[in-house]
Every structure is written in C-alpha cells, then in structure tokens.
Amino acid sequence: MSSDSSHRLFQLKLDPLTGNSEWVVIEDNDDLPDCPKEPLLATTSYLDMLNDSCRNKAFRSAIERTVTKPCHVLDIGAGTGLLSMMAARAMGLNGTVTACESYLPMAKLMRKVLHRNRMVKAISLFNKRSDELEVGVDIPSRADVLVSEILDSELLGEGLIPTLQHAYDKLLVENPLTVPFRAVTYGQLVESTYLWKLHDLSGIEAKVSDGIYLVPTGSDSIIHVKSRQYPMHCDAIREEIKLRSEPFEIFEFDFWKRPESNGETKVQVKVIDDGNIHAIVSWWVLQLDREGTVFYSTAPRWINSPANIGYRDWCDHWKQCVWFFRGKGMSVSQGEEVLLEATHTETSVSYNLNVQVPKTDTRQHDHNIRDFQLLLSPERIAIYGDSKWRSSVLAAVRNAGRVNPLCVVVDDSIFLTLVAANLSKTSHVLSLFPGLREKGAQYLETVVKANGFSMDRVEVPEKRKPCLTLHDTRGKKVDMLIGEPYYYANEGMLPWQNLRFWKDRTLLDPVLSEDALIMPCKGILKACAMSLPDLWSSCCCLGDVEGFDHSIVNTTLGAFGELPAPKEGPFLPFSIWQCGEIKELSEIFTVLEFDFSKPISSCHGTAQVKFTEGGICHGFVLWVDWIMDTDNSIVISTGPEHRYWKQGVKLLSKPVAVGINGCNSNSEYGSTIVEALFEPSSSELILKHAFL
C-alpha cells in the first residue's frame, strides 16, 4: 500500500538553446511519461545502479544474513524498491517493510515495480523524506532493521549522516540491525601531471607566453576549482599516475550507531618515492553484514583488494574521488613522512597536506583581487591552460581583427574577452556573460591592468536581456560576434547543446553589420561507431534483478535494448575516455554542418561509413568540431581524444557484430548509413541508422 496524501513535484526544466528555464508540475496522480522525449529519470544513476550486479548481489546476501525472522524493516531512499523487496522476501512476507522515497517520479515508478512483483501488500511506501515520517502517525512502531543505500562516490554527499542521525533519534529501536554495517574510507597520495593541469592554472600559465594573463602574478587564487572531492574513473589515467604512498585508512563510519556530524583525523603518511604530491585519490569499502563476510569496494583496480572483495564491474554511479592540493603540489622524498589532516562535515570530506604556502606576491596583492574568486570546473581550468587551445583561439581572433570594431562576446568566455581587448587597442568589447554575469565583470576589473587595457573599452551589461538593441550598442552595428562557445556551469550537457551560440547569434541578427564576422563560423557534428561494452552493460535494459522483475522501469529510466517500438533510449553525455573498455570501429565521419553565418534553422544530413575494425558495435559517439575561421584552418575539436569535453552517446537498441569485410559475411555488417536531424524549436537531435 502507499500513503494517501496527494503530492506534487516542481521540476526545473532547462532549454539548452536559450538558457531559459521553467518549472514543470508533476502531480501525484499523473502517470509517468513513457515517451523518451520526456526522460524524467533518464539522466539519473538509477539504471546504472540496478545494472551493477556486484552491488545487487552484495546487498541481497547481506540482507538475507541480517533479516532472518519477521520484524520491522525500514528502507530509506527506496528507489525502485529493490532492497525493500529483498527484505520482504527474506522474511517470507511475514514481517513489516516501510519504504520511503522522497522523489515523486521515483516513488511512482516504485509503485509500478511493486505491482509487477506482487509486493504491494508487503511494503508500505511513503512519498516522503525519512525525517518527515512519524512513529504513531505514518508507521506503527520503530523499525528493528535499517536497509539503505544513500551513498555517493564521496560516501557522504547524499546526506548519509543527517539521515542516520534522524533515524536513530526517531525511527529505529535501540541497537538496530543495519545493512550496510560499516564503511571505511581510504586514500593514496599521487603525482600526476594530468591532475595538476586540472587545478593549477597559475602554474600552467607560467609556462605559456602568449601575453594573456588569466591569473596575473600575485593573484593566484582569483581562478580556482572549488575545494571538494571530484568523482573520477582513476583507472583511466593509471599510466599517468605515480603513487607516492601506500593506501591508508582515513575515516570509519559505523551504520550500526548514531554518527557524529563532524570528525577530524590526522594520518602520518610515509612517502614511498621521490617526486611531488598533486592530489589524493580516495575510495570506500562497505562491510555490509555484521559478521564481516560481505563487502563492496570502490577502490581503483591497482589496489590489491582482499580476496572477499574482488573487482567490481565498471559502473558510473560510484567512482573514486580526487582532491586537488593547491598550487604546484608538495615536493617529497622517499622515506619522508607527511601529515595528512582530514575533516568531515555532515555531507563532505576535505583534506590538508600540511603544505606551507610561502608569503609571496599573493598576500601583497590581496587588495587588488578584493577577495574576489571565480570558481570554475577542473576541465575549464585545464582548457584555459592548454597551450594548443590558447594558440588556436588567439590565432582565430588575430586573423579576424578589424579596425575600430565593436566586438560582442556572446558566451561566458573570459579568455576571448581578454584576447579581443588585448589585440585591438581601439576596439570596444561587449561581453554578455549570460552565466557569469556580475562575476565576469568583477573578474575583468581585477585583471585589466595586467592585460594592458582599461575597463572603458570593455562592457558587461548589468542586466540580462533576451537580445541587444542598437540602443544597447550606442547606435553602432556589431562588427564581430565571437564565442568558444562556452556557457558557465553547462559542461555536463550534450555537445550540440552549445549550439545556444547559434541561437544567440540569431537573436542578435538585427544589430549585426552586413559583413559582421562570426566566430566560430560553423560547427560540424562528427561521429564514430564504437565498441562500448562497459557503458552498454551499465545502461542496458533491465529484466530480472536478483529475482525481481524490473522490465517496467526501462523506458522511464532511459534504458537501451529491446524496447517496444518506436521507443528508444536517449542521448547520454559521457567523457568517453572514462567509459571503461572502448574501441573505435569506423572512421570519423561528418553527420551535420551548422552554418553560423545564417540564422538558426533545421539541419539534415546523411552519411555512409565503412567499418575499419571488426568487433561488436554498441553505438555511436558524437561531438562538435568548432570551425573558428573562414579558411577552415583553425578547428577546436571536442572529440573523444580531447579529455576536457563530454561527448554524446547514442547506444543501439541491440549490439551489432561488424567487420571490415562484413558484406561478405552473414553475421557481420560492413558499413552503416547514419541520418541526423537537428530541430532548433525543440533543441533536439534525432539520429537514425541502418547497417548494411
């Protein structure tokens, strides 16, 4: 049964081509949309979790060892109800299971799963947060057993500690049983040039000599990444990581007792080799049962796990975490000991490596930066520090230079703004900064002197406007409209959703001069057929999950596989280099071209491509190459070989065997026809394919 109270959910819906958002109301009595064009849950990690057989088997085994007689079981964050159904089955459907799931679309989906598995009468489902449950009102008594999986890659990020605290105070009996029983976090100090490039823009820029200073001397902290742990598949960069310590234990969290909100620990770590320390890689190990026989680990594969843990399958919902140490890192020698200080709050963990920061220009220039800091993603830091990328952008703007131009930077590129103002001492630069807004203006005021210009030639509109008018440009037509394109905080979107640049260019059409230069001048949608077995396994259709039918969730969760026609899974944004085993099976081919010299319009393209390698094709990987100049000589690619951008993945409904000579084989295909349609009115890319 379920709670009878009526609920509604307000979900924020973003139009990626305009940047506008609206609130969509989901009523409790509404059916979940089956159409994949409305994937309420397709971008969540539920599907990936349910396809994680190691996780599912571990929880089943631990629940069966823990719930051995009829009792009252509480499942917090129930999702599709898998753990609740495991507990009910372990008791022979004789006990009581209370499940709470606060997210309305998921609670509605769980009801369908319970009906499909004839578990409706065995489980009481509440569409509430666990801290909204009341004993004597919602549930008859405190629960004897807690089963819950509200863990993220950092362990604490989904509110584990406050959730457990409330449960122990209000919902659980004294000395309850719990699954999981305990979690231990571990870490390892590492050196990695790749990881260093993700956070130390000041150090990287010191090696670049192009005359543009994103981080002027003495203002090292003006641009940096947020101090937090970043989930990452560290196995993908194993060859670029040098271990500077053995693994060490950091924190232990006991689920079987009420946790503390905050904790601190100090670990003396012995250095095992000369070098630098750029970051700490961390992971956790779950002990799921009280006896210590069932474990689950998120450790990277280079860790020698105990035999009873073993290696898990590739999955995307739990990764390792990386914490960057500020600056160039700490120089260490073999045998030396360093002091690691770790602190946890209710929702996060932070570290300090006892690095003594010298009192250099940073302090004496603090009055210049006015305590202003611009927080960017690690990938954006790395892009801004990439010498090849910088030289390409610089060359494109330099080659497009005009006399006395009015230049509009339409996106959130601080680099383009500095370049445009730096290269032409007579130009007027108008930076729209749709995402950065005031932050962008503050940043420019801080760095103008170091870059050799003044703010009287650079302007950031105070208010966001749907489009500029001649009044905003003081009656002047725009000579140059440029972008990378890059929109602040949108790095996780599909690559073609940066065609917002084309939309913005179209809105500005009335103020463009007849011969206005547009940069980039066009975008090319590229694709490659690939073998992606790990990604496929994590996103494929569900059937039986530990004895429970989950086929009903496939469409709603955006699964790939044997979906009923004409339904198919959505495009997914992924950094392909982090997707486990990958292999290119075809040449890279052009699917569509977007001409930015003209207003935005629908685009259609068809390509036939031959397979260059044999194997199992799981889908197509797509990205956009931005053509910066009219000569097509300067191209900024966002393809799989470039790690700082995400690509779009379209998995097939069924994996297909392909080969170089496939046309001569009954079991292999030798080529494929790919057809694509981009429709700006819906911000959608439609992809169709046929194997030959």
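Everything quoted here is computed from the prediction, not taken from an experiment.

I would appreciate a short explanation of the overall build of the protein in the present structure.
Counting its secondary structure elements, the protein contains 15 helices and 38 strands. Expressed as a percentage of its 692 residues, the buried residues of the protein come to 57%. Sequence separation of at least 24 residues holds for 77% of the intrachain contacts in the protein that already meet a minimum separation of 6.

What is the right way to look at the sheet that holds strand S6 (residues 143-148) in this model?
Strands in a sheet are paired, the pairing made by backbone hydrogen bonds, and the direction either parallel or antiparallel. Judged by pairing direction, the sheet is parallel, and its five strands sit side by side in the order S5-S4-S3-S6-S7 without closing on themselves. With one partner strand each, in any of the chains shown, strand S5 (123-126) and strand S7 (172-179) form the two edges of the open sheet. The sheet shows a mean angle of 25° between the axes of neighbouring strands, direction not considered. Relative to S7, S6 runs parallel, the two being bridged by four bridges. Along S7, the bridge assignment pairs Val-147 with Val-179. Sheet strands in contact with helix H4 (residues 104-116) are strand S4 (96-100) and S5, and its direction is about 165° off that of S5.

It is not clear to me how helix H14 (residues 500-507) should be interpreted in this structure. Could you clarify?
For the α-helix, the turn length of 3.6 residues means that residues three or four positions removed from each other point alike. Of all the positions in H14, only Arg-500, Phe-501, Trp-502, Asp-504 and Arg-505 are classed as buried. Residues of H14 that are buried make contact with strand S25 (478-482), strand S26 (512-519), strand S32 (589-595), strand S33 (603-610) and strand S37 (671-679).

Looking at this structure, I do not really get the pattern of salt bridges. What am I missing?
If charged atoms from side chains of opposite charge come close, those side chains can pair. All chains considered together, the criterion is met by 21 salt bridges. Arg-182 is the salt-bridge partner of Asp-254, the closest N and O atoms lying 2.9 Å from each other. Within this pair, whereas Asp-254 is found in strand S12 (residues 248-254), its partner Arg-182 is found in strand S8 (residues 182-191), the two being separated by 72 residues in sequence. With a shortest N-O distance of 2.7 Å, Arg-390 and Asp-210 are connected by a salt bridge. Taken together, the residues span a long stretch of sequence, with Arg-390 in helix H11 (residues 387-399) and Asp-210 in the loop between helix H7 (201-205) and strand S9 (223-224) at a distance of 180 residues.

Before we go on, may I ask you to explain the packing of aromatic side chains in this structure?
When we look at a pair of aromatic rings, we describe it by the centre distance and by the angle of the planes. According to the stated counting rule, one finds 22 aromatic pairs in the structure shown. Between the aromatic rings of Phe-594 and Phe-678, the centroid separation amounts to 5.6 Å while the plane-to-plane angle is 75°, which identifies the pairing as edge-to-face. Of this pair, Phe-594 sits in strand S32 while Phe-678 sits in strand S37, and the two are 84 residues apart along the sequence. Positioned over the ring face of Tyr-384 is Arg-380, at 4.7 Å from the centre of the ring. When the ring centre of Phe-571 is taken as origin, the NZ or CZ atom of Lys-650, which lies over that ring, is 4.9 Å away.

Thresholds, definitions, all that
Residues numbered from 1 in each chain as written. Predicted model: local features only at pLDDT ≥ 70, side-chain atom pairs only at ≥ 80, totals over all residues. Heavy atoms only, no water. Helix = DSSP H or I, 4+ residues; strand = E, 2+ residues; numbered from the N terminus. Buried < 20%, exposed > 50% of the residue type's maximum accessible area, 1.4 Å probe, protein only. Contact = heavy atoms within 4.5 Å. Pairing = 2+ DSSP bridges. Axes fitted to C-alpha atoms, helices over the stretch in contact; angles between N-to-C directions. Salt bridge = Lys/Arg side-chain N within 4 Å of Asp/Glu carboxyl O. Phe/Tyr/Trp six-rings, centres within 6.5 Å; stacked < 30°, edge-to-face > 60°. Lys NZ or Arg CZ within 6 Å of the ring centre and 35° of its normal.

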